[in-house]
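Notes for the structure review
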Amino acid sequence: MICKVGKDFFGDNYIQNFKDNDVHTDFVWQTSDAATGAASITVNDAGENAIVIVAGANMLLGEMELQQALPAIRKAKVLVCQLEISAQTSLQALQMAHDNKVKTIFNPAPAVPELDYSFYRVSDVFCCNESEAELLTGYSVNNVEDAHHAAQELLKRGCTAVIITLGPQGCVVLKAQDKTSTHVPSTAVKAVDTTCSVSPSREEAEERQRRSRHDGRGQPTIASQLVRRKCLCHLTDRSPDLTFAKVCRGHWWGAEGGSACHPR
């Protein structure tokens, strides 16, 4: 992991979480100049999410840190970048990997309409969703056929392969050597929350659901009660309820603001 977080509650917890999950933190820096980046994620009744990002310390990751991380980049098999750090830093990281024959995957999120075309040339896999594809190409993307046309446009700009995700319609994959795209359909499910992208087994899913609803004493967590009331919660490092903080950060991340609950 190459990133920068704040010297605050969330920064300390992110670093510990990386360590707990065997993610190397040699190139995770902390700064006192900004708070840890955060995202407030809202989910509607259909399970679709909208995300408001407060970049914070993310935007302070720069060339100096990348140069220190270059040995690790050279040894990597794959480098994944997006735009939750500065565009210049992401582009430089992708260029470093590309120059060292490391496969690159770029997710242009949050999307910007005037994306530097150099991003396409250093991206082996350019992966975006339908709304990002619309913003980047100017094409309307509502179905598989639309996604194919948008992928063709993106491919012309220099990337090796394009993936456009379409939510319940699956995704469209188009490679530079192919004339036609491949549609990969998704399994029909009743969406509850599209924020996560993991596919746990049934047993794992049931255990996660049980844990999210009850604390260690078998009592309902504050977070599970808020979910049932369909509320959006904002957390700070001053939140007095650690159970609430841990569960909510796991689902939505903690956004800067009050620890109040705002009914929708």
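Every value quoted in this text rests on a predicted model; they were computed, and no experiment measured them. (Residues numbered from 1 in each chain as written. Predicted model: local features only at pLDDT ≥ 70, side-chain atom pairs only at ≥ 80, totals over all residues. Heavy atoms only, no water.)

**Overview of the overall build of the protein chain**
A tally of regular secondary structure across the protein chain gives 9 helices and 12 strands. Buried positions account for 39% of the 264 residues belonging to the protein chain. Counting only contacts in the protein chain whose residues sit at least 6 apart along the sequence, the fraction spanning at least 24 positions is 53%. (Helix = DSSP H or I, 4+ residues; strand = E, 2+ residues; numbered from the N terminus. Buried < 20%, exposed > 50% of the residue type's maximum accessible area, 1.4 Å probe, protein only. Contact = heavy atoms within 4.5 Å.)

**Points about the environment of Thr-160**
Here Thr-160 lies in the loop between helix H6 (144-156) and strand S8 (161-165). Given a relative accessible area of 39%, Thr-160 falls into the partly exposed group. Between the alpha carbons of Thr-160 and Asp-124 there is a distance of 4.8 Å; along the sequence they are 36 residues apart. Residues in contact with Thr-160, not counting those within four places in the same chain, are Ser-123, Asp-124, Leu-155, Lys-175 and Ala-176.

**A look at the pattern of salt bridges**
On inspection of all chains with the given rule, the structure shows 2 salt bridges. Across the salt bridge formed by Lys-4 and Glu-65, the nearest N and O atoms sit 2.8 Å from each other. Within this pair, whereas Lys-4 is found in strand S1 (residues 2-6), its partner Glu-65 is found in helix H2 (residues 63-75), the two being separated by 61 residues in sequence. For Lys-4, a relative accessible area of 11% corresponds to the buried category. (Salt bridge = Lys/Arg side-chain N within 4 Å of Asp/Glu carboxyl O.)

**Digging into the sheet that holds strand S6 (residues 103-107)**
The strands making up a sheet associate through hydrogen bonds between their backbones, and the pairing can be parallel or antiparallel. Judged by pairing direction, the sheet is mixed, and its 6 strands sit side by side in the order S5-S6-S7-S8-S9-S10 without closing on themselves. Only two strands of the sheet have a single neighbouring strand rather than two, namely strand S5 (78-82) and strand S10 (182-184). Geometrically, the sheet is characterised by an average inter-axis angle of 20° between neighbouring strands, direction not taken into account. The pairing of S8 with strand S9 (residues 171-175) spans 5 bridges and is classified as antiparallel. The partner of Ala-161 across the bridge, within S9, is Lys-175. (Pairing = 2+ DSSP bridges. Axes fitted to C-alpha atoms, helices over the stretch in contact; angles between N-to-C directions.)

**Quick look at the nonpolar core**
Side chains of a nonpolar character, in soluble globular proteins, are inclined to be buried together. Counting 33 residues, the largest nonpolar core has Phe-106, Leu-115, Phe-126, Leu-154, Val-162 and Ile-164 as its most contacted members. Once residues lying within four places of it in the same chain are set aside, the contact partners of Val-162 are Phe-126, Ala-151, Leu-154, Leu-155, Val-172, Val-173 and Leu-174. Of all hydrophobic cores here, the second largest spans 5 residues; its members include Val-5, Ile-15, Phe-18 and Val-28. (Core = buried A, V, L, I, M, F, W, Y, C linked by side-chain atoms within 4.5 Å.)

**A word on the confidence of the model for the protein chain**
Residues of the protein chain with pLDDT of at least 70 account for 73%, and the chain-wide mean is 79. When pLDDT is averaged over each helix and strand of the protein chain, the minimum, 34, is found for helix H9 (residues 242-252) and the maximum, 98, for S6. Ignoring residues within four places in sequence, the model shows residues 197-205, a span with pLDDT below 50, making 3 contacts including any to other chains. Contacts of residues 211-217 to residues separated by more than four positions or lying in other chains number 14 contacts, the stretch itself having pLDDT below 50. (pLDDT = per-residue confidence, 0-100.)

**Looking at the pairing of strand S7 (residues 125-129)**
Note that S6 and S7 share 2 bridges and pair parallel. Paired with Phe-106 across the strands is Phe-126, a residue of S7. Sheet topology places S7 next to S8; 5 bridges connect them, and they run parallel. Within S8, the residue paired with Val-125 across the bridge is Ala-161.

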